[in-house]
Amino acid sequence: MKRGNFGSKIGIVLATAGSAVGLGNVWRFPYMTGQNGGAAFIILYFACILLLGIPGMISEFIIGRHAQSNAFSAYGKMGGRWWRYVGILGILTSTIILGFYAVVAGWCLQYLFASIAGQLCGDAAYVQNYFQTFSGDPVKPCLWGIAFVLLTHFVIVRGVQRGIERASKILMPLLLILLIVIVVSSCMLPGAIKGVEFLLLPDFSKVTHSVLLEALGQAFFSLSLGTACLCTYASYFSREINLVRSAGQIAVLDTIIAILAGLMIFPAAFSVGVNPDSGPSLIFITLPNVFQQAFAQMQAVGYVISILFYALLVFAALTSTISMHEIGTAFFHEELKLPRKKAALIITVVCSIIAVFCSLSIGAVPGIRLFDMSLMDFCDFLTAQIMLPAGAFLTSIMIGWLVSRDTVRDEFTNGGTVNQSLFRIWLVCVRFIVPVCILLIFLHQSDII
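Residues numbered from 1 in each chain as written. Predicted model: local features only at pLDDT ≥ 70, side-chain atom pairs only at ≥ 80, totals over all residues. Heavy atoms only, no water.

1. Topic: the overall build of the protein
Logical step 1: What the protein contains, in helices and strands, is 18 helices and two strands.
Logical step 2: The C-alpha atoms of the protein give a radius of gyration of 21 Å, which matches the 22 Å a tight globule of 449 residues would have.
Logical step 3: Once the C-alpha set of the protein is aligned to its principal axes, its extents read approximately 65 × 50 × 45 Å.
Logical step 4: When burial is assessed residue by residue, the protein has 58% of its 449 residues classed as buried.
Logical step 5: Of all intrachain contacts in the protein linking residues separated by at least 6 positions in sequence, the fraction that spans at least 24 positions is 81%. (Helix = DSSP H or I, 4+ residues; strand = E, 2+ residues; numbered from the N terminus. Rg over C-alpha atoms; globule rule 2.2 N^0.38 Å. Buried < 20%, exposed > 50% of the residue type's maximum accessible area, 1.4 Å probe, protein only. Contact = heavy atoms within 4.5 Å.)

2. Re the packing of helix α9 (residues 192-200) against helix α12 (residues 243-271)
Logical step 1: One can describe the packing of α9 onto α12 by two numbers: an axis separation of 7 Å at closest approach and a directional angle of 135 degrees. With respect to α12, the element α9 is oriented oblique. For the pair α9 and α12, the crossing hand works out as right-handed. Two secondary-structure elements touch here, α9 through Ala-192, Lys-194, Gly-195, Val-196, Phe-198, Leu-199 and Leu-200 and α12 through Ile-259, Gly-262, Leu-263, Phe-266, Pro-267 and Phe-270. (Axes fitted to C-alpha atoms, helices over the stretch in contact; angles between N-to-C directions. Parallel < 35°, antiparallel > 145°, perpendicular 65-115°, else oblique. Left-handed = near helix turned anticlockwise from the far one by under 90°.)

3. Details of the nonpolar core
Logical step 1: Of all hydrophobic cores here, the largest spans 157 residues; its most connected members are Met-264, Phe-309, Ile-399 and Trp-426.
Logical step 2: For this core, the element with the most residues is helix α5 (residues 84-116), which contributes 18 residues.
Logical step 3: Setting aside residues no more than four positions away along its own chain, Phe-309 makes contact with Val-26, Ile-182, Met-264, Ile-283, Leu-287 and Phe-291. (Core = buried A, V, L, I, M, F, W, Y, C linked by side-chain atoms within 4.5 Å.)

4. Focus on α12
Logical step 1: Taking 1.5 Å per residue, 29 residues should reach 42 Å; α12 reaches 43 Å between its end C-alpha atoms and fits that length.
Logical step 2: Extensive coverage of α12 is indicated by the burial of 21 of its 29 residues.
Logical step 3: The opening residue of α12 is Asn-242, an N-cap whose side-chain oxygen sits 3.1 Å from the backbone nitrogen of Val-244.
Logical step 4: In the stretch just after α12, Gly-273 is the one whose phi turns positive, near 75 degrees. (Expected span 1.5 Å × (residues − 1). Polar contact = N/O pair within 3.5 Å; in protein donor to acceptor, adjacent residues only side chain to side chain.)

5. Considerations on the packing of aromatic side chains
Aromatic ring pairs are described here by two measures, namely the spacing of the ring centres and the angle between the planes.
Logical step 1: Counted by the stated rule, this structure contains 27 aromatic pairs.
Logical step 2: Considering the side-chain rings of Phe-6 and Phe-237, the 6.2 Å spacing of their centres and the 50 degrees angle between planes classify their relative orientation as tilted. One end of the pair, Phe-6, is in the segment before α1 (9-20); the other, Phe-237, is in the loop between α11 (229-234) and α12, and 231 residues separate them in sequence.
Logical step 3: We classify Phe-6 as buried; its relative accessible area is 7%.
Logical step 4: Assessed through its relative accessible area of 1%, Phe-237 is described here as buried.
Logical step 5: Arg-81 extends its terminal NZ or CZ atom over the ring of Trp-82, reaching a point 5.3 Å from the ring centre. (Phe/Tyr/Trp six-rings, centres within 6.5 Å; stacked < 30°, edge-to-face > 60°. Lys NZ or Arg CZ within 6 Å of the ring centre and 35° of its normal.)

6. Looking at unusual backbone geometry
Trans peptide bonds make up most of the peptide bonds, and negative phi angles are found at most residues other than glycine.
Logical step 1: Notably, Ser-224 is not glycine yet its phi reads approximately 65 degrees, a positive angle.
Logical step 2: With respect to the helices, strands and loops of the structure, Ser-224 is situated in the loop between α10 (209-222) and α11.
Logical step 3: Even without being a glycine, Phe-371 presents a positive backbone phi close to 50 degrees.
Logical step 4: Along the chain, Phe-371 turns up in the loop between β1 (369-370) and β2 (373-374).

7. Quick notes on the pattern of salt bridges
Logical step 1: Here the structure, examined in full by the defined rule, presents six salt bridges.
Logical step 2: Residue Arg-239 pairs with Glu-411 through a salt bridge whose shortest N-O separation is 2.8 Å. Of this pair, Arg-239 sits in the loop between α11 and α12 while Glu-411 sits in helix α17 (residues 405-412), and the two are 172 residues apart along the sequence.
Logical step 3: Residue classification places Glu-411 among the buried residues on the basis of a relative accessible area of 4%.
Logical step 4: With its nearest N and O atoms 2.9 Å apart, the salt bridge here joins Arg-409 to Asp-406. Residue Arg-409 and its partner Asp-406 are located together in helix α17, separated by three residues, close to a single helical turn.
Logical step 5: The exposure class of Arg-409 is partly exposed, given its relative accessible area of 24%.
Logical step 6: Given the relative accessible area of 52%, Asp-406 is considered exposed. (Salt bridge = Lys/Arg side-chain N within 4 Å of Asp/Glu carboxyl O.)

Purely geometric numbers; function is a separate question.
Put into structure tokens, the structure is as follows:
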């Protein structure tokens, strides 16, 4: 069975960066930055990207490109038969995440259409009631969630070059253009400078060990470590691709988009005297009202900005869901020898079912609970606090200590064309720094430290 491959270096960078860029970049990173010392948090975050993010990315790249197969086979080829289950862990993690992620992505899709139809015009109480009515509906959120999974399915069935790479080449530039347009509009508002200062002026008095661990966690999740996504995408890399350079480019692009998202949100919020909150309340309640107030004297501009903002969210979500869908699709396509369309259909159906039950658990049927949590919150907890850290930790142990050093060096250096000293620095990070950082993140999330 002939495997697909990315056709260009820019396609690799945009597709892999797209897997990392998602809804979390739009609200979680700006919020955490503003609440944890502004530029001081960004400095810590970038240091964590260098020590944890890029070494972790390269580790998964090495596994995927060396094996040239789906995550299940790739981990088995590199570490032995029992390590295949780390690949299975990544496949399960990405499938569960796609299921509940599609719920919020579906909300974004619905809000895009609502913005176009002018249905988000009203005071703060109206906007809040609109969200509560929609999210509590037993049917509409489910249908929008399924619609988003189907939209992802449409891209996946077209293959690597014609589907994933082509979509990434369209979506990522559009995402950047929309971000820049909204950032410029937001920063031109009266009083916007306060929002810029809130985001970018360092306040080292807020830096504590907890803030450092938050920066570690943001770096870990922002780059999709532990989902087997990077491993799967790297299996489509050619042997000529410089893994170190690609990882650096992806990390820089992901960070730039996160910072631009902050420059989009905070100036507009501060312009109207709103201190943004995190989570769905920011995206679906606070910001629609902020746009209306900020552009009250230019309603047509406010209308366009609202549409552009939710289009941006849809594009950001779609670049992430495509990568998560591909992980499971590649497994069923290669291991069960199923046609790509049937393999993709399995993931689409499973994720649609998860999306429906997660949507109902936080809306119409709150009784759908596990361990005293809604199904949506349970899936989030299970993946973010257990499965992702476990997958990334085991990956670093396997690459750092079990796989032949010669094999790892050959992949890292592209057969000796990359500086050997960089390899030694990277190996120290993978063997010691990355596992310790992941362990600290896990303990912090578990409220042990």
